[in-house]
Amino acid sequence: MSSTRREFLKISTVGGIATTVLGFDVTSAQAQARELKIARTTETRSTCPYCSVSCGVIIHTLGDKAKNVTAQVVHVEGDPDHPINRGTLCPKGAALYQDILNERRLLKPQVRRPGSDHWEDISWDQAIEEIAQKTKKARDDAFIERDANGFTVNRCENIGFTGGCTDTNEFNYLVVKTMRSLGVVHLENQARV
Amino acid sequence: MAGGTLQIKAISGHAGPVAGANTSRDYDVCKLVDTTTCIGCKACEVACVEWNGYPFRPTSFDNTYQTMPNTEWNYWNLIRFDEHENADGTFQWLMRKDQCMHCEDPGCLKACPADGAIVQYSNGIVDFQQEHCIGCQYCVTGCPFDIPKFNQETKKVFKCTLCSDRVNAGLEPACIKSCPTGCLHFGSKDDMLALAQARATQLREHTSHRNAGVYDPEGVGGTHVIYVLHDSSNPEKYGGLPKNPRVPILVQLWKGPLKWLGGLSMMFGVMGVAIHYLRFGPKEAEMKDADIQKEDRNRGN
Amino acid sequence: MTNGWIDIKNTDMMLIMGGNPAENHPCGFKWAIEAKRNRNAKMIVIDPRFTRTAAVSDLFLQIRTGTDIALLGAFINYTLQNNRVNHEYLVNYTNASFIIKEGFKLPEDGLYSGWDADKHTYDKSTWNYESGGLTKVDAPSHPEATAHGIAAAGAPPPSLPENVAYDPTLQHPRCVYQLLKQHYSRYTPETVEKITGIPKDQIIKAADMFTSIRKDGSTKQVATIIYAVGWTQHSSGTQTIRGAAMLQLLLGNVGRAGGGVNALRGHSNIQGATDMAGIFDILPGYLKVPVPKDVDFKTYLTRITPKPAKPGEWQSFNYWSNSPRFAVSLLKSFYGSAATKENDFAFHYLPKVDKNYSWAELWDRMYAGKVQGLFAFGMNGVAIGPNSQKNIDALKRADFLVVCEIYPDETSEFWRAPGITPEEMKKINTTVYRLPGAGFAEKDGTFVNSARWLQWKYAAVPPPGEAKLDQEILARIFLKIRDLYKKEGGKFPDPILNASWSYTNPYNPSLTEVAKEINGKALEDVTDPATQTTIKAGQQLPSFAFLRDDGSTTSGNWLYCGSWTEAGAMIQRRGTEDPSGLGIYQNWGWSWPVNRRVLYNRASCDTNGKPWDASRAQVWWNESAKKWVGNDVPDFKPDSAPSDHMGPFIMNPEGVGRIFVPLGMVADGPFPEHYEVFESPAQNILHPQQPNNPVAIRLKSAADKIGTTAEGYNIVCTTYRLTEMYHYWTKNNPMNVQLQPEPFVEIPAELADELKISGGEKVKVTSARSYYIAKAMVTRRIRPMMIEGKKTYQIGIPIHWGYRGIAEDEGRTAKTLANQLSPAVIDPNAFTPEFKGFLVKLEKA
């Protein structure tokens, strides 16, 4: 609070003239409850991506999901129907709006070349082509069909896959199916640590 | 407020009657804060900022879990963290949600000279209408809880609205909805008082908190935010909750026996200077207090 | 969790230890508060620091990190000394009465019988039940004739006896109960005070309070134990949880509403990732991973399918006897028509595993140059650690790294981690692809919470910019690899070419199609013999009772069979009714297995099938209908009458809960024993010559140093999360950064005084591996402790910062990672590293 005395006098003078004496227009004073910002939103039921309580959240978007509309997230709030959180959220869940709309989000595929000191943009097609080539080469270079005892092992030890905590069941299933089929044994997840 | 539930009961700086008052029945709302089940998670802080859409306020580390030293014009809801060592060797980490108390007898409204800048709805919500605010900050002086906060850029004063927009639409305030443990509860004043009393009784009978009680201070006519405290004999230890808050005497005069003066703009300036002195006068003393508090925090508070 | 979040409201007593749910699971913690508010339940919190959970507790004890087994041992000792057990439960639902083989030796010297000092392994053959059924107390026994119990060379691998010897009077000197009593008699309050730093009167007070639910012989009340990674992230983590399970079995709390052993998992879908076997040592639905000696499918099935092992007079459902049905259905889901009876259902497509490929080992092998490529999908391995600097150095030696993320993270930018010079950067030859993935609001699919609830979520908006859905990224990579093998051939292409991939859009599989595949369907008409219900070919299966081992059914995960049936997506249900009032919510989402909400709920009833507490009745035996009925789905053979004496723990071949774990199913020993953390300020007063867990895994690379007090590392350090932050994610969210703007280290005020550090000053924390710089938070919430008579300090570090984030990019932090400090010492069962206790030095930065 560092309002100067000069400012104060200025304010009080203006205030003195502007107010009262001649009475008061009630209608103008009534107004002003701000419009409810979720009054016209579309609600999408989702699950908070943070801890393992799995709170129900409602993502409020402007735009009714019609074909010609790009929906805009305007608010995230707890789902009052959800039996566990009953509408409540923690300080992380309550801030999900700023996770969805966040200027730090990655928006383009990038590559850092060997020895380089910077990221370069790369097309999706190019990135996937290169990743597939490198994966195949690594696998073919060191694939183990039989171990020292002559047992069939069919494994690929030189490629690892680490899955994150917010990967869905369905995605994880596809990971296990594809990685086990490649013979990947260094298959790990946040679930371990 | 077409179609809404909010009816104005009192208007700042307003000489005449309040049109439309008492024309419909309304229930008075109340926020119950049970400090004994608050976990200081700050979900209410986030819900408040997110709902009201206020901009990022840079903070810095200050040897405490408390987000910032005080509420701010764009941060209306703050958990105050206080550590206490009891005589029996046990330790208490107290967390209290600090925000506008929505007094039944609001000192801010009493002090405010700007017609319509502060309104009190019949449901008990005290709401600032910034477009009528003249930035004089008398409300700051009038508030015994140090709640209204001035924005230097817009020259307006802000505080918790008890989410009047949500309440008007039949929703609970954003902080109430978010609270994970249910230490926040919302309903009519009667219901919340009953709930609070029952909880205090439970604490006295079933836990070690023999002084548990309800905070609903009479000096401001009761509040529409009430607390359950483990130790109601010592509200100060909860981040300086005043024991007997009162509207400052000068403000009482201003809107009490001397109310007729309020209409005279000449007097307004004189009175304003007096209140202004109260508000801004003893600057050094304030600084000193702040320094002491900070020192305290650095020693592990 | 054996129980669920809402179920906590049904409890009378809570022990919260190794977890901080008020801060890390606030919305689940509401049910603990509800129990306090509505039942006057008591809450005991035990933690290295006074947390926000402690702030609302009835009793708080400050423990030295990593000494939980000692304290739980004291609790078990107190329970036995004061007879606070549920005797009927103990005798009939646990293996307390089982008689253990002669030659089994308790670890008074820190080692169980069978230790081979040269090979550094146990011969576990004496860790087994005696054969012989009902045994009288005066039967011959030779507890002294141990001879260290090393089995004769060349003996066949031991297995559980079919007819287990037991003494229901619990008097036999070698019965589990007596051995337990003997084992924990060493864990006196006086000894445990020296180990844990908790004054003995406080230990007794907590033990008395927790076990007071059985004070007057009543079996009505119930207590719960709640924990998280404060227990698991230790070199004896699994045994700590065992200690909790044993205590709960003694008290008869497992299977009951308001009871159980409840792991609060730390992330939204790591329960699902575990169920789905996103980790090396299992296949979906906790099927065992094949090993080289499984030369064919039959050998594998024989190995993984247990036979009942129980007293002859008792019965055991032995649910894992269905393993072949689960395994065949999984292979049919993976490989479709390429999996035939003739080719062992393509069993040879699955890689065989003969060593430890777990998290820390992965980084160790990459550090050794043996792992050339790494995919990291939403997994920030550098920040997660342990020993983050080693992980950074490991990535420098990889050929390629593929990161799929939504924010720039430490892992994808390892090549420009702080301290790497421009010259060094030129020598880092790793190619890094950083692919923009989708955030939670942009994805549909299922998460599984700690309560085992599967819940579908819906996408609200499309991914921003060029970002793609994760499944599209994975599918495109996989299909491109498949194309390359089709075109060029290569090593063993069969599983790649034959993996079933019949999604309508193969390049972007619909997750509803995948979810239905995981549930499974009938390939031919299948009939359940019990109910005579037939599921037609092509239809979704209603439950795993329909799974077959002849190739006529598919299921990507047998545990999830029933989640998406012909009746629709059970995981999308939103029924809010809860008629029992117990918080079961049978029609909300779907819970594995078969929508059961409390595991082992048969144990919520006495031996006659009547609930221990009628006011919290979950299931019960209906004598007239001759079946188990109730508010929850009975976790039991539905028509097994109480007189059958079938054990309630149907996943164990014994049918009963294991107080004693036989045959090294837990590697460190049949009972938990206190071992010191690997970096400890104390010597282990129980057996100084064997201070640490002898079978914990310690990595041996040059980067894996262990610090000692002799080298000046004499402050105990632990790590944790803050409620305002989530792992290494919310450092990108301005709102959360506002709440906790900078990294800090919590330091006891007394230690700060000694080192003349005041709050807000920068400090440097150094371990044998690396250092960390942050501001000091001087606090009275962590007190100095007396450990083995020596004043000992603990400090704590929240983990949430790194070198990319809002505060980091603004230059407000030192850009160091908390996990640069933590060691890669690994629990021998769960393979979880010891993040939670290590030694450091502290100084002003």
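Refer to the structure presented above.
Notes on the structure in this doc start here. Remember, it's a predicted structure, so these values are computed and weren't measured experimentally. (Residues numbered from 1 in each chain as written. Chains lettered and ligands numbered in written order. Predicted model: local features only at pLDDT ≥ 70, side-chain atom pairs only at ≥ 80, totals over all residues. Heavy atoms only, no water.)

As for the overall build of chain A
Looking only at helices and strands, chain A features five helices and eight strands. The helix and strand sequence of chain A, counted from the amino end, reads α-α-β-β-β-α-β-β-α-β-β-α-β. Taken over 193 residues, chain A has a buried fraction of 64%. Summed over its atoms, the accessible surface of chain A is roughly 7400 Å², and 50% of this surface lies on carbon and sulfur atoms. (Helix = DSSP H or I, 4+ residues; strand = E, 2+ residues; numbered from the N terminus. Buried < 20%, exposed > 50% of the residue type's maximum accessible area, 1.4 Å probe, protein only. Areas by Shrake-Rupley, 256 points an atom, 1.4 Å probe, with all protein chains shown as cover.)

Overview of the side chain of Gln99 of chain B
All names here are of chain B. Looking at the secondary structure, you find Gln99 in the loop between strand 4 (91-98) and helix 2 (107-111). Polar side-chain contacts of Gln99 include one of 2.4 Å to the side chain of Lys97. For Gln99, the residues in contact, after removing those within four places along its chain, are Lys31, Trp76, Asn77, Ile147, Cys160, Val225 and Tyr227. (Polar contact = N/O pair within 3.5 Å; in protein donor to acceptor, adjacent residues only side chain to side chain. Contact = heavy atoms within 4.5 Å.)

Section: the sheet that holds strand 6 (residues 223-227) of chain C
Residue and element names in this part refer to chain C. With respect to topology, five strands assemble into an open sheet ordered 3-2-1-6-7, the strand pairing being parallel. Of all the strands in the sheet, the pair left with one neighbour each is strand 3 (59-62) and strand 7 (261-263). Going from strand to strand, the sheet's axes swing by 15° on average, the running direction of each strand aside. In the sheet, strand 2 (residues 42-47) pairs with strand 3 via four bridges, with the strands oriented parallel. Bridging across to strand 3, Ile44 finds its partner in Leu59. Against the sheet, helix 7 (residues 200-211) makes contact with strand 1 (13-17), strand 2, strand 3 and strand 6, and its axis sits at roughly 135° relative to strand 3, the strand it touches most. (Pairing = 2+ DSSP bridges. Axes fitted to C-alpha atoms, helices over the stretch in contact; angles between N-to-C directions.)

Description of the pairing of strand 11 (residues 400-405) of chain C
All names here are of chain C. For strand 11, a buried count of six out of six residues is recorded, marking the element as mostly surrounded by other parts of the structure. Where burial is concerned, the two faces of strand 11 agree: the one with Phe400, Val402 and Cys404 and the one with Leu401, Val403 and Glu405 are both buried. Relative to strand 11, strand 10 (residues 373-377) runs parallel, the two being bridged by five bridges. By the bridge assignment, Leu374 is partnered in strand 11 with Leu401. By the bridge criterion, six bridges tie strand 11 to strand 12 (residues 431-436) in an arrangement that is parallel. In the sheet register, Cys404 faces strand 12, and the bridge partner there is Leu435.

Digging into the sheet that holds strand 5 (residues 118-121) of chain B
Adjacent strands of a sheet pair through backbone hydrogen bonds, lying either parallel or antiparallel. Residue and element names in this part refer to chain B. Read from one edge of the open sheet, three strands run 1-5-6, paired in antiparallel fashion. This sheet does not close on itself; its edge strands, each paired only once, are strand 1 (8-11) and strand 6 (126-128). Going across the sheet, the axis of each strand differs from the next one's by a mean of 30°, ignoring polarity. Strand direction decides the pairing type here: strand 5 and strand 6, joined by three bridges, are antiparallel. Following the sheet pairing, Ile118 is matched in strand 6 by Phe128.

Points about the interface of chain C and chain A
Contacts between the two partners involve 169 residues from chain C and, on the opposite side, 112 residues from chain A. Here chain C meets chain A over a buried area of about 12300 Å², counting both sides, of which 62% is carbon and sulfur. Together, Tyr433, Arg434 and Phe440 of chain C form the three largest contributors to the area buried by chain C at its contact with chain A, with a combined 6%. Our enumeration of links across chain C and chain A arrives at 11 salt bridges. The salt bridge involving Glu442 of chain C is made with Arg105 of chain A; its shortest N-O contact spans 2.9 Å. Joining chain C to chain A, the criterion identifies 85 residue pairs in polar contact (both at pLDDT 80 or more). For the side of chain C that touches chain A, the leading source of residues is helix 17 (residues 470-488) of chain C, giving 12 residues. Taken together, the residues of the side of chain C that touches chain A sort by class into 93 nonpolar, 43 polar and 33 charged. (Buried area = accessible area lost by both parts, 1.4 Å probe. Salt bridge = Lys/Arg side-chain N within 4 Å of Asp/Glu carboxyl O. Nonpolar A, V, L, I, M, F, W, Y, C, P; charged D, E, K, R; others polar.)

Topic: the packing of aromatic side chains
Taken as a whole, this structure holds 64 aromatic pairs over all chains when the rule is applied. Aromatic side chains Tyr600 of chain C and Phe649 of chain C sit 4.8 Å apart centroid to centroid with 40° between the ring planes, which places their arrangement in the tilted category. With Tyr600 of chain C in the loop between strand 19 (590-591) and strand 20 (619-622) and Phe649 of chain C in the loop between strand 21 (627-630) and strand 22 (697-698), this residue pair connects regions lying 49 residues apart in the sequence. For Tyr600 of chain C, a relative accessible area of 23% puts it in the partly exposed group. Positioned above the aromatic ring of Trp51 of chain B is the side chain of Lys37 of chain A, whose terminal nitrogen or guanidinium carbon lies 5.2 Å from the ring centre. Its guanidinium or amino end placed over the ring of Trp93 of chain B, Arg781 of chain C lies 4.2 Å from that ring's centre, counting from NZ or CZ. (Phe/Tyr/Trp six-rings, centres within 6.5 Å; stacked < 30°, edge-to-face > 60°. Lys NZ or Arg CZ within 6 Å of the ring centre and 35° of its normal.)

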